[in-house]
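The lines below spell out each chain.
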Amino acid sequence: MAAGGVRALVAFVVLCLLAAARCANAAVSCPKVASSIAPCVNYIRGKGPLTPACCNGVRALNSQAKTPADRRDTCNCLKSYAGKIPGLNPSLTSGLPGKCGVSVPYPISTTTDCTK
């Protein structure tokens, strides 16, 4: 069940990134992705409150991954990072965008394909 929560987190962030369709030149690195999402881990594991740092990270990822290549790279980084975090709660994870004021017009799926 922990893997489902991890996949939900990855799917959430990927979908947030898909909503950002502006162009940019800067690529998003895996360390930057990991540091942006790190403040959310306790919340989505049900072990702590939703913090401003978490929502700031979610919004930052959404605004930083502007090109299709950036979004694909971010997705792959998130899959790698999330696979190392046990015990994520799928309900808390799927509700995170709304809690952080990020509008995601797509259903959150655990089967997100980073190549699309």
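In this text the structure is predicted, and so the values were computed from the model without any measurement.

Peer 1: Where do I start with the overall build of the chain in this structure?
Peer 2: In terms of regular secondary structure, the chain is built from 6 helices and 0 strands. Listing each helix as α and each strand as β along the chain from the N terminus yields α-α-α-α-α-α. Across the 116 residues in the chain, those meeting the buried criterion constitute 40%. When contacts within the chain are restricted to residue pairs at least 6 apart in sequence, long-range pairs at least 24 apart make up 89% of them. Of the roughly 5800 Å² of accessible surface on the chain, 56% is carried by carbon and sulfur atoms.

Peer 1: Would you explain the state of the cysteines in this entry?
Peer 2: Two cysteines, two sulfur atoms, one covalent bond between them: this is a disulfide. Summed over all chains, the structure comprises 3 disulfides. A disulfide bridge connects Cys40 with Cys54, and the sulfur atoms are separated by 2.1 Å. One quick way to see it: the torsion about the S-S bond of Cys40 and Cys54 is about 105 degrees, and its sign makes the bridge right-handed. One end of the pair, Cys40, is in the loop between α2 (30-37) and α3 (41-44); the other, Cys54, is in helix α4 (residues 52-64), and 14 residues separate them in sequence.

Peer 1: It is not clear to me how the packing of α2 against α4 should be interpreted in this structure. Could you clarify?
Peer 2: How two helices pack is summed up by the angle between their axes together with the distance between the axes. Following both chains from N to C, one finds α2 and α4 inclined at 145 degrees, their axes separated by 7 Å at the closest point. Contacts between α2 and α4 involve Lys32, Val33, Ser36 and Ile37 from the former and Cys54, Gly57, Val58, Leu61 and Gln64 from the latter. Residue composition of the contact of α2 with α4, grouped by class: 5 nonpolar, 3 polar and 1 charged.

Peer 1: I tried to follow helix α6 (residues 90-99) on my own but got confused; where do I start?
Peer 2: Because the α-helix completes a turn every 3.6 residues, residues three or four places apart line up on one side. Buried residues of α6: Thr93, Leu96 and Pro97, and no others. Angular distribution of buried residues about the axis of α6 spans 85 degrees; they occupy a single face of the element. In this structure, α6 carries Ser91, Gly98 and Lys99 as exposed residues pointing more than 90 degrees from its buried face. Between a side-chain oxygen at the N-terminus of α6 and the backbone nitrogen of Ser91 the separation is 2.8 Å; the capping residue is Asn89.

Peer 1: Before we go on, may I ask you to explain the confidence of the model for the chain in this structure?
Peer 2: Note that predicted coordinates carrying low pLDDT should not be read in detail. Summarising the model, the chain shows a mean pLDDT of 75, and 69% of its residues fall at 70 or more. In this model, residues 18-26 is a region of pLDDT below 50 whose contacts with residues beyond four sequence positions or in other chains number 23 contacts.

Peer 1: Honestly, the environment of Ser80 in this entry has me stumped. Any pointers?
Peer 2: In this fold, Ser80 is placed in helix α5 (residues 68-82). Note: C-alpha distance between Ser80 and Cys30 (50 residues apart in sequence) is 8.9 Å.

Peer 1: What am I meant to see in the nonpolar core here?
Peer 2: Generally speaking, soluble globular proteins have nonpolar side chains that are buried together. Cys40, Val41, Tyr43, Ile44, Cys54, Cys55, Val58, Ile85, Leu88, Leu96, Cys100 and Val102 form the largest nonpolar core, which has 12 residues in total. The next biggest cluster of nonpolar side chains, apart from the first, holds 7 residues, and it includes Val33, Leu61, Ala65 and Leu78.

Peer 1: Could you clarify how one ought to interpret the environment of Val41 in this entry?
Peer 2: In this fold, Val41 is placed in helix α3. Overall, Val41 belongs to the buried group, its relative accessible area being 13%. Separated by 48 residues in sequence, Val41 and Asn89 place their C-alpha atoms 9.9 Å apart. Val41 has contacts with Tyr81, Ile85 and Leu88, leaving out every residue within four places of it along the chain.

The rules behind these values
- Residues numbered from 1 in each chain as written.
- Predicted model: local features only at pLDDT ≥ 70, side-chain atom pairs only at ≥ 80, totals over all residues.
- Heavy atoms only, no water.
- Helix = DSSP H or I, 4+ residues; strand = E, 2+ residues; numbered from the N terminus.
- Buried < 20%, exposed > 50% of the residue type's maximum accessible area, 1.4 Å probe, protein only.
- Contact = heavy atoms within 4.5 Å.
- Areas by Shrake-Rupley, 256 points an atom, 1.4 Å probe, with all protein chains shown as cover.
- Disulfide = S-S within 2.5 Å.
- Axes fitted to C-alpha atoms, helices over the stretch in contact; angles between N-to-C directions.
- Nonpolar A, V, L, I, M, F, W, Y, C, P; charged D, E, K, R; others polar.
- Arc of directions from axis to C-beta.
- Polar contact = N/O pair within 3.5 Å; in protein donor to acceptor, adjacent residues only side chain to side chain.
- pLDDT = per-residue confidence, 0-100.
- Core = buried A, V, L, I, M, F, W, Y, C linked by side-chain atoms within 4.5 Å.

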